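# Topology and contacts: notes
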Amino acid sequence: MASNIRQYFIDLFYHFCAFLCFVFLKLCFGLKIYGRENIPKTGPVILACNHRSYLDPLILGVGAGKKVYFLARDTLFENKIFALILRALEVQPLERNSADIKALKSALRILSQKKTLGLFPEATRQAEGTFGKALGGVGFIASKSNAKVIPAYIEGSGSAWAKGAKMDFNRKVSIHFGKQIHIERGMPYEQIASLLMEHIRHLSCIK
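Applying the stated criterion across every chain, the model contains three salt bridges. Note that Lys67 is salt-bridged to Asp11, the shortest N-O span being 2.6 Å. A residue pair is termed long-range when its members are at least 10 positions apart, and Lys67 in the loop between α2 (56-64) and β3 (68-69) and Asp11 in helix α1 (residues 2-29) qualify at 56 residues. Judged by relative accessible area, Lys67 falls into the buried class, the value being 13%. In this structure, Arg171 engages Asp168 in a salt bridge whose closest nitrogen and oxygen atoms are separated by 3.2 Å. For Arg171, a relative accessible area of 40% puts it in the partly exposed group. Since its relative accessible area comes to 23%, Asp168 is described here as partly exposed.

Structure, rendered in structure tokens:
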């Protein structure tokens, strides 16, 4: 009973923060959302998205219109107040120098609970208009979880908040969700990861 009440307030806090993020992104960057209807209402679901800015998790979470779980490096939890917010939002901390297996187990555990997981296959931020190589671990998660994989493309976040720069409120951002990616059984993990990036790049062309 107590755990159910705690979860209720955690979910309530999450949706309150999501609303504030939506207002912030809409007013400051004119956020536009396309293709949300492509996201399954029931999990497990993987939202595979390009990565260009610290704004991306906010944009992806708000754009999905449902609770999205993320994994984040433990250094983001060093600030006690920020750490409290991250934990309340159920962001999973990962040791920066730990083996990748811990991240993979955390991701699979989230998906085993039929939740929605936000992933950035490139792992690190890329310059606006460019794409990086996807990590094979993303392919492993997609293969082992049997989750429905939805590609997402964020445009403009790299200009709105470029790496090492201040926010530019004159920039516009948008997110586009594509159709489910069908993954063949036995496909190598690296090939799956490349397939995800191919679909993300395709969204950048047809938006």
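Once you've had a look at it, read on.
Considering all chains together, one arrives at seven aromatic pairs under this definition. Ring geometry for Tyr54 against Trp161: centres 5.6 Å apart, planes inclined by 65°, an arrangement best described as edge-to-face. Of this pair, Tyr54 sits in the loop between β2 (45-49) and α2 while Trp161 sits in the loop between α6 (157-160) and β8 (174-177), placing them 107 residues apart in sequence. Classification of Trp161 by relative accessible area gives partly exposed; the value is 25%. Both rings, one in Phe70 and one in Phe120, keep their centres 6.3 Å apart while their planes meet at 10°; by these two values the pair is stacked. Here the residue Phe70 occupies a position in the loop between β3 and β4 (71-73), and Phe120 occupies one in the loop between β6 (116-119) and α5 (136-145), the gap between them amounting to 50 residues. Given the relative accessible area of 12%, Phe70 is considered buried. The class of Phe120 is buried, set by a relative accessible area of 15%. Positioned over the ring face of Phe131 is Arg52, at 4.9 Å from the centre of the ring.

Thresholds applied
- Residues numbered from 1 in each chain as written.
- Predicted model: local features only at pLDDT ≥ 70, side-chain atom pairs only at ≥ 80, totals over all residues.
- Heavy atoms only, no water.
- Salt bridge = Lys/Arg side-chain N within 4 Å of Asp/Glu carboxyl O.
- Helix = DSSP H or I, 4+ residues; strand = E, 2+ residues; numbered from the N terminus.
- Buried < 20%, exposed > 50% of the residue type's maximum accessible area, 1.4 Å probe, protein only.
- Phe/Tyr/Trp six-rings, centres within 6.5 Å; stacked < 30°, edge-to-face > 60°.
- Lys NZ or Arg CZ within 6 Å of the ring centre and 35° of its normal.

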